[in-house]
Amino acid sequence: MTKKELPAESQRIEELARRAGTPFHIYDGRAIRKNAEDMMKAFSWSDGFINYFAVKALPNINILRLLKECGFGADCSSGPELRLAYEAGIPPEKIMFSSNDTADEEFLQAFNMGVIMNLDDITYIDDVIRVCGRLPETISFRYNPGNERTGNTIIGNPVEAKYGVTHSQILDCYRIARDNGAKHFMLHTMVASNTLNEDYIVETARMLFNLVNEIWDNTGIQIEQIDLGGGIGIPYREGDDRVSFTSLSMRIKELYGKMVRTPLKLSFECGRCITGPYGWLISRVRHVTHKYKDYVGLDACMSDLMRPALYGAYHHITAIGKEDEEKDHVYDVTGSLCENNDKFAIDRALPEICRGDLIAIHDTGAHGHAMGFNYNAKLRHAEFLINQDDSISCIRRAETYEDYVRTQLGEPERIM
Ligand SMILES: *Cc1c(COP(=O)(O)O)cnc(C)c1O
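Draft legend 1. Seen up close, the overall build of the protein. Along the protein, the regular secondary structure elements total twelve helices and 17 strands. The C-alpha radius of gyration computed for the protein amounts to 23 Å, which stays within 12% of the reference 22 Å derived for 416 residues, consistent with globular compactness. Each of the three principal axes of the protein carries a C-alpha extent, and together these read 70 × 60 × 45 Å. Going through the 416 residues of the protein one by one, you find that 53% of them count as buried. The contacts of the protein with a sequence gap of at least 6 include a subset with a gap of at least 24, amounting to 70%. Here the protein has roughly 19200 Å² of accessible surface; of this, 48% comes from carbon and sulfur atoms. Between the centroid of the 47 positive side chains of the protein and the centroid of its 61 negative side chains there is a distance of 2 Å.

Okay, structure coming up:
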């Protein structure tokens, strides 16, 4: 059972907020590092184990550098993400390019960089050959199990997903890739999203182990590495349990022992469970208003954290300095966007909130700042990092008006 904690003592966060201004995201680098190291340690029985951190979850070069030091690679889905991972110093063989609906230029960029290309469709084989002249020596395919998935604990509906190669196409993918010069083969899937159910991830491993054997039996092609994707969830609610890397690893190890016939490297591409719990959005209360409901209006808005508005996602909220007060008031906690769904919480029990209170929104370390946007000319806010020695650095400054208008052409440029 998790308890929701703050990244530092209340007074220290208050001092930071006074000095730096609000709102901002703050990440606990020490906790992120420990978590990444724990994952690597838990899977150390598996030779060559790696987690390709899903860059989209927290695309800040400083975070990527930190994770690189823990042995992580990067999972990228676009040209700019590839470049960011490269700039962070992650070697190409530790960069996974898991794109879909991929542009020709992105295929070429990935090919030239020498990263691992994970193809989302059988037709992309021809695209890569057309664009790059040949296939890379190492090739991966993204598998979508559809209805043919094995293991009855698997949930969700892959049939509705736009991603991946179907069961009836997968053998041909490897055959065609081999016939076109590919030498090393990987198999990828991504069937989970924010799941706290360990069984689900173990069943994904079972599904891929089975498929590796099926590919061998039918084509003689040996898959050298599987990628179990991301999707391990985090305990957003107090009282939820996190997925234990140790327990997950031991269960996968047991299956591996029973099912795997030739050496097979394991990998994940988790984002959320690596950084998610170690980020907080710190925001100041601007107004407390009483209409048909009671509202707490923050200086942050959904451009700082879109998940609640987008999916109705729950994020725990702490009134800093009021941790021990009784939660005997009920509020909608809102931002300032001209959209009524700009709410961080609806009907949330909190202590009595006053103008000027400092609020922490928890678990914003993944898919938080990253999903921001500039609607309503909302400028995006800063990101801070707590370092190993407890000092705090700015790792992304807040946007200014000049940043916002940088791409607008006050002097229109005639293009036709
Ligand atoms: C989003 C995504 C991930 C990361 O998912 P998390 O939930 O952050 O672990 C990994 N791989 C692919 C292909 C993705 O689209």
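Draft legend 2. Region of the structure containing the sheet that holds strand E5 (residues 116-119). Around the barrel, which closes on itself, the eight strands sit in the order E2-E3-E4-E5-E6-E7-E8-E9 with parallel pairing between neighbours. Shown here is a sheet whose adjacent strand axes are inclined to one another by a mean of 25 degrees, direction ignored. Relative to strand E6 (residues 138-143), E5 runs parallel, the two sharing three bridges. Among the inter-strand pairings, Met117 is bridged to a residue of E6, identified as Ile139. Sitting on the sheet, helix H7 (residues 167-179) is in contact with E6, strand E7 (184-189) and strand E8 (223-227), with an inclination near 170 degrees to E6.

Draft legend 3. How the structure looks around the nonpolar core. Judged by nonpolar contacts, the single largest core of 85 residues is most densely connected at Phe141, Leu187, Phe209, Ile226 and Phe268. In terms of residue count, the dominant contributor to this core is helix H8 (residues 198-219) (nine residues). Counting residues in each nonpolar core, the second largest holds 16 residues, with Leu281, Ala319, Phe344 and Ala345 among its members.

Draft legend 4. Molecular detail of the layout of surface pockets. Volume-wise, the largest pocket comes out at about 880 Å³. In terms of lining residues, the largest pocket is bounded by 37 residues, among which Lys56, Arg142, Tyr163, Met190 and Ala192 are the most central. Of all the elements in the fold, those that place two or more residues in the lining of the largest pocket are strand E3 (73-76), E6 and helix H11 (307-311). A class-by-class count of the residues in the lining of the largest pocket yields 16 nonpolar, 13 polar and eight charged.

Draft legend 5. The arrangement of a negative patch on the surface in detail. Taken together, the side chains of Glu323, Asp324, Glu325, Glu326, Asp328 and Glu352 make up a negatively charged region of the molecular surface. Relative to the helices and strands, Glu352 is located in the loop between strand E14 (343-350) and strand E15 (358-362).

Draft legend 6. Molecular detail of the packing of aromatic side chains. One pass over the full model with this rule turns up nine aromatic pairs. A centroid spacing of 6.2 Å and a plane angle of 65 degrees characterise the contact between Phe49 and Phe268, whose relative ring orientation is edge-to-face. In this pair, Phe49 is assigned in the loop between helix H2 (29-42) and strand E2 (50-54) and Phe268 in strand E9 (residues 265-268), connecting sequence segments 219 residues apart. When its relative accessible area of 1% is taken as the criterion, Phe268 is described as buried. Just above the ring of Tyr163 sits the side chain of Arg142; from NZ or CZ to the centre is 4.2 Å. Here the guanidinium or amino end of Arg242 rests over the ring plane of Phe245, the centre of that ring lying 5.2 Å away.

Draft legend 7. Structural context of unusual backbone geometry. Residue Thr22 is joined to Pro23 through a cis peptide bond whose omega torsion reads -5 degrees. With respect to the helices and strands, the residue Pro23 is situated in the loop between helix H1 (10-20) and strand E1 (24-28). With a phi close to 50 degrees, Asn194 is a non-glycine residue in the positive phi region. Considering the arrangement of structural elements, one finds Asn194 in the loop between E7 and H8. The residue Asn376 is not glycine, and still its phi comes out positive at about 65 degrees. For Asn376, the location among the structural elements is in the loop between E15 and strand E16 (382-386). Taking the relative accessible area as the measure of exposure, Asn376 reaches 33% and is therefore partly exposed.

Draft legend 8. Here's a closer look at the side chain of His381. By the element assignment, His381 lies in the loop between E15 and E16. With a relative accessible area of 18%, His381 lands in the buried category. Discounting residues that sit within four places of it in the chain, His381 has contacts with Pro23, Asp299, Asp304, His369, Arg396, Arg397 and Ala398.

Draft legend 9. Quick look at the site of the ligand. Taken together, Ala54, Lys56, Asp75, Arg142, Met190, Gly230, Gly231, Glu269, Cys270, Gly271, Arg272 and His367 are the residues near the ligand. In the model, a nitrogen atom of the ligand is placed 3.2 Å from a nitrogen or oxygen of the Asp75 side chain. Contacts to the ligand include Gly231, whose backbone N or O atom sits 2.9 Å from an oxygen atom. When isolated, the ligand has an accessible area of 390 Å², and the protein chains bury 89% of it. Put simply, the ligand lies in the largest pocket. Grouping the amino acids of the shell around the ligand by side-chain chemistry returns three nonpolar, four polar and five charged.

Draft legend 10. Summary view of H1. Buried within H1 are the following residues: Ser10, Ile13, Leu16 and Ala17. Down the axis of H1, the sector holding all buried residues measures 125 degrees, keeping them to one side. Facing away from the buried side of H1 by over 90 degrees, the exposed positions are Gln11, Arg18 and Arg19. Among the structural elements, E1, strand E10 (279-290), E15, E16 and strand E17 (392-396) are those in contact with the buried residues of H1. Positioned one or two residues after H1, Gly21 has a phi angle of 85 degrees, which is positive.

Conventions adopted
Residues numbered from 1 in each chain as written. Predicted model: local features only at pLDDT ≥ 70, side-chain atom pairs only at ≥ 80, totals over all residues. Heavy atoms only, no water. Helix = DSSP H or I, 4+ residues; strand = E, 2+ residues; numbered from the N terminus. Rg over C-alpha atoms; globule rule 2.2 N^0.38 Å. Buried < 20%, exposed > 50% of the residue type's maximum accessible area, 1.4 Å probe, protein only. Contact = heavy atoms within 4.5 Å. Areas by Shrake-Rupley, 256 points an atom, 1.4 Å probe, with all protein chains shown as cover. Lys, Arg positive; Asp, Glu negative; His and termini not counted. Charge placed at Lys NZ, Arg CZ, Asp CG, Glu CD. Pairing = 2+ DSSP bridges. Axes fitted to C-alpha atoms, helices over the stretch in contact; angles between N-to-C directions. Core = buried A, V, L, I, M, F, W, Y, C linked by side-chain atoms within 4.5 Å. 1 Å grid on protein atoms, 1.4 Å probe; cavity = no way out; pocket = protein on both sides within 12 Å on 5 of 7 lines; lining within 4 Å. Points joined across faces, edges and corners; volume = space filled by probe spheres on them. Nonpolar A, V, L, I, M, F, W, Y, C, P; charged D, E, K, R; others polar. Patch = residues over 30% accessible without salt bridge, like charges linked within 9 Å, V, L, I, M, F, W, Y side chains within 5 Å. Salt bridge = Lys/Arg side-chain N within 4 Å of Asp/Glu carboxyl O. Phe/Tyr/Trp six-rings, centres within 6.5 Å; stacked < 30°, edge-to-face > 60°. Lys NZ or Arg CZ within 6 Å of the ring centre and 35° of its normal. Near = heavy atom within 4 Å. Polar contact = N/O pair within 3.5 Å; in protein donor to acceptor, adjacent residues only side chain to side chain. Sits in = over half its atoms within 2 Å of the grid points. Arc of directions from axis to C-beta.

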